[in-house]
Amino acid sequence: MRICVIGAGIAGTLLAWRLRSYPAVEVDLVTGVPGPDATAASGGGVRGFETHPEQRRLAVESLAELFETPGLLDQAGYTETGSTYLMTGYDGLEDAVAEVEHVHPGSTELVDGSTLRRLGWHGLPDGTVGVLEKRAGFIRPDQLRALVIDQLARSENSRVVTGPVLGLVPHPDGSVTCRTPSGSDRYDAVVVAAGPWTPGLLTGNALPADQYRTKAIQVAVHRVAGALPTMFVDETSDLYGRPTADGGLLLGVDTHRWSVPPGSSAPLHDLTAQAVRLAGERLPHLRLSVTAHTVTNADCYADPPVLTLWSVLGSTHRLFTFTGGSGGSVKTALAASRTAANTLLGTGKNTRTTTSRTENKRMTIMEPGTRRSTPTTSLTRYHTIGIGAGPSNLSLAALYKNVTTEKLALFDSRPVAGWHTPLLYPGVRMQTGWMKDLVSLVDPRHELTFLNYLVTSGRLYALINSQFDSLPRIEYERYLAWATERLGVVNFSSRVDSIAITGDGFEVSVDGTPVAVSEHLVLGLGTRPVWPDYVRNLPSGRAFIADELGVRMPDLEPHKADPVAVVGGGQTGLECVLRLLGSGFTDIRWLGRNQWFRSIDDSPMANELYRPSHIEFLQGLNRSKRREMIVDSRYSGDAITPGGLRALYQGNYDGLLTLGRFPVTLLPGRDVLSSELLADGMLRLNCSTTVTPEHHDVRHVVVAAGREHVQAPFSDDLRERIDYDDDGEMLVEPDYSVRWKGMNGHRIYSFNASRYSHGLTNAGLTQLPVRAAIVLNSMFDREIYPISDELCAVQW
């Protein structure tokens, strides 16, 4: 079982430490954003008494474990100071004190105001009482955290991943993918213990975070003349403090400042002055001198204020938070982490009753790799099944959910939501505008618009102010993941290997086992990279497709000065060149078959080709004329973004200024015909040109030679019923339905595989909702979504 804990504060590290001790459990601790945090800023106070009953239980048990484990006591750097808790008396207070005394006999006492005055307290409101504890003090949470992280890093079944979290993607089966700078991993459970970063991390991934609030905390350490008090909390004035190891006094007062950003901020000088003034009123014998230093930070609060697991998406998902609630997680982290670990694993080892916020307190997690059994006599029945969960089928599912209560399911072989994920390098930009999302062109009020994604994830103003000419492609992938989660219809890790037609409809099999049946079928299979024959004989570690460049980069790093070839003159080839150039490679050969590296025509006239009116016009032409027009206009979409070429030329010129030569050599008009491995270990690419054959000797070859359509896994019987054209492609009607024999009311629709019948919009993103709307209108035999495109100045 794999579990990821996000956040290297005291709560997160102790939870990972607990989980590591269980057999058959692997734990990754993701440290998160570097810099000061609440653990480093904490005063480290530990005591048994708390006014909240669940906080009190956890604090008492944490203190007990600390005292019963000498090694832990030393590691935590425990210093005993005693504790004084001042408050207005309330019903049940005596029982609360008795709970602490029962676990720590002779330690706890309830006293009245006169006793408090004898102990040096003054100016207390009438009715103030105090809880005194002998066995209380402070630990060094930062020291304990560092020791635990070191243990986790050296353990065989745990790993420490340094850096922030770039993405969280929950899946329908309850598992969660966590994306970090080092890669993406899928876990059986993910726990966000990121303190004040928790709300932002959730909202940034379009996850609910309304129940969390951040609050500023500030303490200052003062030099003191005379006797020091015990550790104390004064609820009557919001003042708190404790002695320090070097004889100073740490003082703080409740800031009452909410919704502050995480990380350190400028000190609030008036707050320090307020704490000094209150300390002078309550403890007039104190003689405070200079302020040694001030610590300001933020922490995460929730209601109820208890450090516990909280299910983010309900009991069917295994994504949780583990927050301090009151900001005082140091006092409760030992017991709370044990409770949380047992709850996560369903071990039943807790002997106490917990008030965990987790909706499913004793969930049972399936072992990785197991599959829920499907009854062979009663397959799940859907109205529509989509093969593939790329943008085309997601657009269909989005519009579908708003117009019918019929059931739809998408099956996808990938383990998580994504879109050309291996090619999503920083700096890669989209070729379409943000308004051309999954739904806006036909239903701009839909909840899954890109604009709603920006608003609900808190990204709107940041993106607007960044003034991108073209949207980052990583942002579009995150939008798709956000929409996927909200749709809740995708079955990931489900490679469909057979589609058959039966008397009940289309029967879909995954890994050889029938899993579902449907009235209608929609194919959104997408493409896969082409692996040309001319490089098949080269070593796989030296010649590889563009999709593998990211994972191959560590192997390429020692050879930055050696020549490397990128074969393929399209957008993917350019992105690979930019990735290599940005990583410091100094001899990059970019080879393309065409006579120049063509950029996209993004003029107003070229964009007329991507309108419903032009698609309709194409349908009225004969097949040969339609194909001729589509081929003639292909560079309005099948080409390179001008901004990308500009970035290459500018980066290449910067390299010239540094190296005295261009680090990238552009080689258009080269058609690679063959390759060979030379005796010196170099790879030779043999090319034809317009003048004379030539060859290029390089250390590595990155192949970006285009993509090809993935064929549907039809059974032999169903394949024989499909009508194909002269090129061997399925015949696709204007409504994207496939022509086939024996339909009997069951329809097949196909996206992305009708280029020469529907034009350039067939496989692109520009008309996603329009295509989906046409399919829905056809599927339900009525005009659900009107497709109107009448204000067109062009007469085709």
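Everything numeric here is computed off the predicted structure, so don't read it as measured data.

1. Focus on the overall build of the chain
(1) Moving on: What the chain contains, in helices and strands, is 23 helices and 37 strands.
(2) Moving on: The burial tally for the chain puts 54% of its 796 residues in the buried class.
(3) Moving on: Across the chain, the fraction of contacts at a sequence separation of at least 24, relative to all contacts at a separation of at least 6, is 71%.
(4) Moving on: In the form shown here, the chain has an accessible surface area of approximately 34,700 Å², with 51% of it arising from carbon and sulfur atoms.

2. Notes on the sheet that holds strand β35 (residues 700-703)
(1) Moving on: Strand order in the open sheet made by the five strands is β28-β35-β29-β30-β31, with parallel pairing throughout. Because the sheet does not close on itself, it has two edges, and the strands there are β28 (543-545) and β31 (664-667). Each strand axis lies, on average, 20° off the axis of its neighbour in the sheet, ignoring direction.
(2) Moving on: Bridge count for strand β29 (residues 564-567) against strand β30 (residues 588-591) is four bridges, and the pairing is parallel. Among the inter-strand pairings, Ala-565 is bridged to a residue of β30, identified as Arg-589.
(3) Moving on: In this fold helix α15 (residues 549-556) packs onto β28 and β35, with an angle of close to 155° to the strand it touches most, β28.
(4) Moving on: Its contacts with the sheet put helix α20 (residues 642-659) on β30 and β31, and the angle it makes with β31 is roughly 135°.

3. With respect to the pairing of strand β34 (residues 694-698)
(1) Moving on: In terms of strand pairing, strand β33 (residues 683-688) meets β34 through five bridges, oriented antiparallel. The partner of Arg-684 across the bridge, within β34, is Asp-697.
(2) Moving on: In textbook terms, the turn of a hairpin is the stretch between consecutive antiparallel strands, and for β33 and β34 this stretch comprises five residues.

4. Structural notes on the packing of aromatic side chains
Two numbers describe a pair of aromatic rings. These are the distance of the centres and the angle of the planes.
(1) Moving on: Under the counting rule described, the total for this entry stands at 15 aromatic pairs.
(2) Moving on: Ring centres 6.0 Å apart and planes at 50° place the aromatic pair Tyr-400 and Phe-780 in the tilted group. Highlighted residues: Tyr-400 in helix α11 (residues 391-401) and Phe-780 in the segment after α23 (768-779), separated in sequence by 380 residues.
(3) Moving on: Both rings, one in Phe-506 and one in Trp-740, keep their centres 5.7 Å apart while their planes meet at 45°; by these two values the pair is tilted. Placement of Phe-506 in strand β25 (residues 505-510) and of Trp-740 in the loop between α21 (716-721) and β37 (748-750) is noted, with a sequence separation of 234 residues between them.
(4) Moving on: Every member of this aromatic cluster is reached through a ring pair, and the members are Phe-450, Tyr-453, Tyr-476, Tyr-479 and Trp-482.

5. Focus on the environment of Leu-116
(1) Moving on: Within the fold, Leu-116 resides in helix α6 (residues 113-118).
(2) Moving on: Classification of Leu-116 by relative accessible area gives buried; the value is 0%.
(3) Moving on: Put simply, Leu-116 and Thr-84 are 32 residues apart on the chain and 9.2 Å apart in space, counted from C-alpha to C-alpha.

6. Thoughts on α11
(1) Moving on: Counting buried positions over the 11 residues of α11 gives 10, a clear majority of the element.
(2) Moving on: All of the buried residues in α11 are Pro-391, Ser-392, Asn-393, Leu-394, Ser-395, Leu-396, Ala-397, Ala-398, Leu-399 and Tyr-400.
(3) Moving on: On its buried face, α11 sits against β21 (380-387), β22 (408-411), α14 (473-487), β23 (490-491), β26 (513-523) and α23.

7. As for the sheet that holds strand β3 (residues 45-46)
(1) Moving on: The sheet built from three strands is open, its strands ordered β3-β8-β4 with antiparallel pairing. Among the strands making up the open sheet, the edge pair consists of β3 and β4 (79-80).

Cut-off values and rules
Residues numbered from 1 in each chain as written. Predicted model: local features only at pLDDT ≥ 70, side-chain atom pairs only at ≥ 80, totals over all residues. Heavy atoms only, no water. Helix = DSSP H or I, 4+ residues; strand = E, 2+ residues; numbered from the N terminus. Buried < 20%, exposed > 50% of the residue type's maximum accessible area, 1.4 Å probe, protein only. Contact = heavy atoms within 4.5 Å. Areas by Shrake-Rupley, 256 points an atom, 1.4 Å probe, with all protein chains shown as cover. Pairing = 2+ DSSP bridges. Axes fitted to C-alpha atoms, helices over the stretch in contact; angles between N-to-C directions. Phe/Tyr/Trp six-rings, centres within 6.5 Å; stacked < 30°, edge-to-face > 60°.

What is shown is where atoms sit, not what they do.
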